[in-house]
Amino acid sequence: MTPSTPAPSAAAGLAIRDAGHGDEAAWRDLWAGYLAFYDLTLPPEVTASTWARLIDRSSPLKARLALRDGRLLGFAIHQHHPSSWVAGDDCYLEDLYVDAPARGAGIGRALLDDLVALARAQGWHRLYWHTDQENARARALYDRYAGDDGHIRYRMTL
C-alpha cells in the first residue's frame, strides 16, 4: 500500500487517505475540536505551519484522514524518523482525533489500523504514541493494540 492508497476500513463506508490541499478548511475545523478537547489554544501561525507541513511532500509530518460521504470525521497525524534502537525507522502517532458526534463508530480504530498497515508497508519497525492518562476512551482503544510500556514522558519547553 502506498501512503495515498485508501485503506480498507472496519467502519462501513469509511475512506482513509492522505491529507490534500482541498482538505484545509475541514481539517482546521477538526483541529479546533481537538485543541478544545485538550483545552489548548495555539497561535494561528502554529496551526498554519502544521497544515503546511502536513501537505508538504518533503515533510515527515503527515496526516491520514477518515472520511465518510466526503465529510472529514477524523485524522491521524504521524511522522516517521530514524531510530537508534532498530536498523530503520519508527513511526510516531502524534495526534489521533475523531469528531465527537462520530465517536463510537470504529473510526479511531480504523485510523489506527490504517497507520499500522501503512507502517508495515513502509518497512517502519515500530509504531508508538502517548495519550493523557485521564483519556479513558482513547486508552481503551490503545490497550487493544499495545500495553503501557512503563515509560514516563518528560517535556521541556524551550
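If you're wondering where the values come from, they're calculated on a predicted model, not measured in any experiment.

1. Structural notes on the pattern of salt bridges
Applying the stated criterion across every chain, the model contains six salt bridges. Here Asp23 ties to Arg17 by a salt bridge, and the two come within 2.7 Å at their closest N and O atoms. Note on Asp23: relative accessible area 11%, which makes it buried. Taking the shortest distance from any N to any O, the salt bridge between Arg28 and Glu24 comes out at 2.9 Å. In this pair, Arg28 and Glu24 both sit in helix H1 (residues 24-37), four residues apart, roughly one turn of the helix. The class for Arg28 is partly exposed, based on a relative accessible area of 31%.

2. Structural notes on the environment of Leu115
Structurally, the position occupied by Leu115 is in helix H3 (residues 107-122). For Leu115, a relative accessible area of 0% puts it in the buried group. Each C-alpha atom of the pair Leu115 and Ile16 lies 9.8 Å from the other, and the pair is 99 residues apart in sequence. Each residue touching Leu115, except ones within four places of it in the same chain, is listed here: His78, Cys91, Leu93 and Leu127.

3. Points about the packing of H1 against helix H2 (residues 44-55)
Two elements in contact, H1 and H2, have axes whose closest approach is 11 Å; the angle formed by their N-to-C orientations is 130°. As far as their axial angle goes, H2 and H1 are oblique. H2 is crossed by H1, and the crossing has right-handed handedness. Contacts between H1 and H2 involve Glu24, Trp27, Arg28 and Trp31 from the former and Thr47, Ala48, Thr50, Trp51 and Leu54 from the latter. In terms of residue class, the contact of H1 with H2 is built from five nonpolar, two polar and two charged.

4. What about unusual backbone geometry?
Within the chain, Asp39 stands out as a residue other than glycine whose phi angle is a positive 55°. Its place among the elements puts Asp39 in the loop between H1 and H2. In this structure Asp39 comes out as exposed when scored by relative accessible area, which is 71%.

5. Some thoughts on the nonpolar core
With 21 residues, the main nonpolar core has Leu14, Leu96, Ile107 and Leu111 as its most contacted residues. Per-element tally for this core: the top contributor is H3, with seven residues. With sequence-adjacent residues up to four places away left out, Leu96 is seen in contact with Tyr34, Phe75, Ala76, Gly108, Leu111, Leu112, Leu141 and Tyr142. Residues Leu30, Tyr34, Leu61 and Leu67 belong to the second largest nonpolar core, which totals 17 residues.

6. Some details on the sheet that holds strand S5 (residues 126-129)
Strand order in the open sheet made by the five strands is S1-S2-S3-S4-S5, with mixed pairing throughout. Edge strands, defined here as strands with exactly one partner in the open sheet, are strand S1 (14-18) and S5. For this sheet, the mean inter-axis angle between neighbouring strands, taken without regard to orientation, is 25°. Here H3 sits on the sheet and contacts S1, strand S2 (61-68), strand S3 (71-82), strand S4 (89-98) and S5; the angle it forms with S4, its principal contact strand, is near 165°.

Rules of the game
Residues numbered from 1 in each chain as written. Predicted model: local features only at pLDDT ≥ 70, side-chain atom pairs only at ≥ 80, totals over all residues. Heavy atoms only, no water. Salt bridge = Lys/Arg side-chain N within 4 Å of Asp/Glu carboxyl O. Buried < 20%, exposed > 50% of the residue type's maximum accessible area, 1.4 Å probe, protein only. Helix = DSSP H or I, 4+ residues; strand = E, 2+ residues; numbered from the N terminus. Contact = heavy atoms within 4.5 Å. Axes fitted to C-alpha atoms, helices over the stretch in contact; angles between N-to-C directions. Parallel < 35°, antiparallel > 145°, perpendicular 65-115°, else oblique. Left-handed = near helix turned anticlockwise from the far one by under 90°. Nonpolar A, V, L, I, M, F, W, Y, C, P; charged D, E, K, R; others polar. Core = buried A, V, L, I, M, F, W, Y, C linked by side-chain atoms within 4.5 Å. Pairing = 2+ DSSP bridges.

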